[in-house]
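Descriptive structure summary
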Amino acid sequence: MAKLSNRIRRLRFDNDEMTQEELAGRAGCTRQTIIALEKGKYVPSIVLAFRIARSLGVSIEDVFQYE
Amino acid sequence: MAPLQKRALLSLIAGLVFAIALVVVFITRDITTFDEDQGFRLIVYALWIAVPLAYLIIVNLTLRKPELTDERDRLILVKAPKTQYVAILFSLAAWVIVLTEVFWDTGEVPVIFLTLIMISTLIISTLAQSLGILIGYWRMNADG
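Residues numbered from 1 in each chain as written. Chains lettered and ligands numbered in written order. Predicted model: local features only at pLDDT ≥ 70, side-chain atom pairs only at ≥ 80, totals over all residues.

This brings us to the overall build of chain A. Looking only at helices and strands, chain A has 5 helices and 2 strands in total. Reading the secondary structure of chain A in the N-to-C direction produces β-α-α-α-α-α-β. A globule of 67 residues ought to have a C-alpha radius of gyration of about 11 Å, and chain A, at 11 Å, matches this closely. Summarising its shape, the C-alpha atoms of chain A cover approximately 35 × 20 × 20 Å along the three principal directions. (Helix = DSSP H or I, 4+ residues; strand = E, 2+ residues; numbered from the N terminus. Rg over C-alpha atoms; globule rule 2.2 N^0.38 Å.)

This is the structure:
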């Protein structure tokens, strides 16, 4: 079955160890959603995916991988 | 714990306490008192309108604050009515079975039970929504 994985955790640390709270604030979601995303428990909407990528300063493909 | 999840849990606990208190009042004061005592009746009417209303206001206030909810919370909230439907169907089925069995011989059901059915449906609906929200968070954390 296809799976959507992500590198949010890695990219947060690459961005001056950005906190989950900080990323949530920038992407316009709650910290709990960032936690769920990092654990692979939630698949975000395309809009949220773009906002997260933009907040981390990378393209959406650098954050999310469809396997 | 997400803000909506926290409020759903608090609402569920408060709702359960209210429901249990209501059942205790009905049992201790005898169900016939409700029919005769107008003051008691008005208090019960006021409570069962006030409690669900307070719940709706709390949930709506949470939803109106963008920093407290996001798309994941709203997705869970949209799915919560499934639990409500099931809970309401089961409660109505239980009422039908119990009332039919108890009043089969007399062939008529006291009018007071109309009010009780309405009160219980409203309370169960409100509690089931909270439960549906909590189940939604639990399933999302379990399944992905």
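On to the interface of chain B and chain A. On the chain A side, the residues contacting the 7 residues of chain B number 10 residues. Counting residues per element, the ones that place at least two in the side of chain B that touches chain A are α4 (71–79) and α6 (112–143) of chain B. Taken together, the residues of the side of chain B that touches chain A break down into 2 nonpolar, 2 polar and 3 charged. (Contact = placed C-beta atoms within 7 Å. Nonpolar A, V, L, I, M, F, W, Y, C, P; charged D, E, K, R; others polar.)

So, about the packing of helix α2 (residues 20–27) of chain A against helix α3 (residues 31–38) of chain A. Residues and elements named next belong to chain A. One can describe the packing of α2 onto α3 by two numbers: an axis separation of 8 Å at closest approach and a directional angle of 110°. Taken together, α2 and α3 sit at an angle that is classed as roughly perpendicular. Contacts between α2 and α3 involve Q20, E21, L23 and A24 from the former and R31, T33, I34 and I35 from the latter. Among the residues making up the contact of α2 with α3, the classes are represented as 4 nonpolar, 2 polar and 2 charged. (Axes fitted to C-alpha atoms, helices over the stretch in contact; angles between N-to-C directions. Parallel < 35°, antiparallel > 145°, perpendicular 65-115°, else oblique.)

The next subject is α2 of chain A. All names here are of chain A. Among the residues of α2, L23, A24 and A27 are the ones counted as buried. Viewed end-on, α2 has its buried residues packed into an arc of 100°, placing them on one side of the element. Those residues of α2 that are buried are in contact with α1 (8–14), α3 and α4 (46–56). With its phi angle positive at about 75°, G28 sits one or two positions after the end of α2. (Buried ≥ 20, exposed ≤ 12 C-beta atoms within 10 Å, placed from the backbone. Arc of directions from axis to C-beta.)

Residue and element names in this part refer to chain B. Mean pLDDT for chain B: 83, with 91% of residues reaching 70 or above. Across chain B, the secondary-structure element scoring lowest on mean pLDDT is helix α2 (residues 31–36), at 70, and the one scoring highest is helix α5 (residues 81–103), at 94. In the predicted assembly, ipTM is 0.77 and pTM is 0.76. (pLDDT = per-residue confidence, 0-100.)

The next subject is the nonpolar core. The biggest cluster of nonpolar side chains holds 14 residues, and the ones touching the most others in it are I8, A24, A27, I34, L37, I52 and V63 of chain A. Elements that contribute at least two residues to this core include exactly α2, α3 and α4 of chain A. (Core = buried A, V, L, I, M, F, W, Y, C linked by C-beta atoms within 7 Å.)

A few words now on the packing of α2 of chain A against α4 of chain A. Residue and element names in this part refer to chain A. For the pair α2 and α4, interaxial distance at closest approach is 9 Å and the crossing angle is 120°. With respect to α4, the axis of α2 lies oblique. Here the hand of the crossing between α2 and α4 comes out right-handed. Counting all contacts with α2, which are made through L23, R26 and A27, the residues of α4 involved are L48, R51, I52 and S55. Looking at the contact of α2 with α4 residue by residue, the classes come out as 4 nonpolar, 1 polar and 2 charged. (Left-handed = near helix turned anticlockwise from the far one by under 90°.)

Another aspect to go through is the confidence of the model for chain A. Across chain A, pLDDT averages 91, with 97% of residues at or above 70. Across chain A, the element-wise mean pLDDT spans from 89 in strand β1 (residues 4–6) of chain A up to 95 in α4 of chain A.

Moving on to unusual backbone geometry. Residues and elements named next belong to chain A. Unlike most non-glycine residues, D16 shows phi in positive territory, near 55°. Within the secondary structure layout, D16 lies in the loop between α1 and α2. Phi angles above zero are rare outside glycine, and E17 is one such case at about 50°. With respect to the helices, strands and loops of the structure, E17 is situated in the loop between α1 and α2.

Moving on to the environment of L56 of chain B. Checked against the element boundaries, L56 of chain B lands in helix α3 (residues 38–64). The sequence separation of L56 of chain B and S11 of chain B amounts to 45 residues, and the corresponding C-alpha distance is 9.9 Å.

Of note, L116 of chain B is situated in helix α6. Separated by 21 residues in sequence, L116 of chain B and W95 of chain B place their C-alpha atoms 9.7 Å apart.

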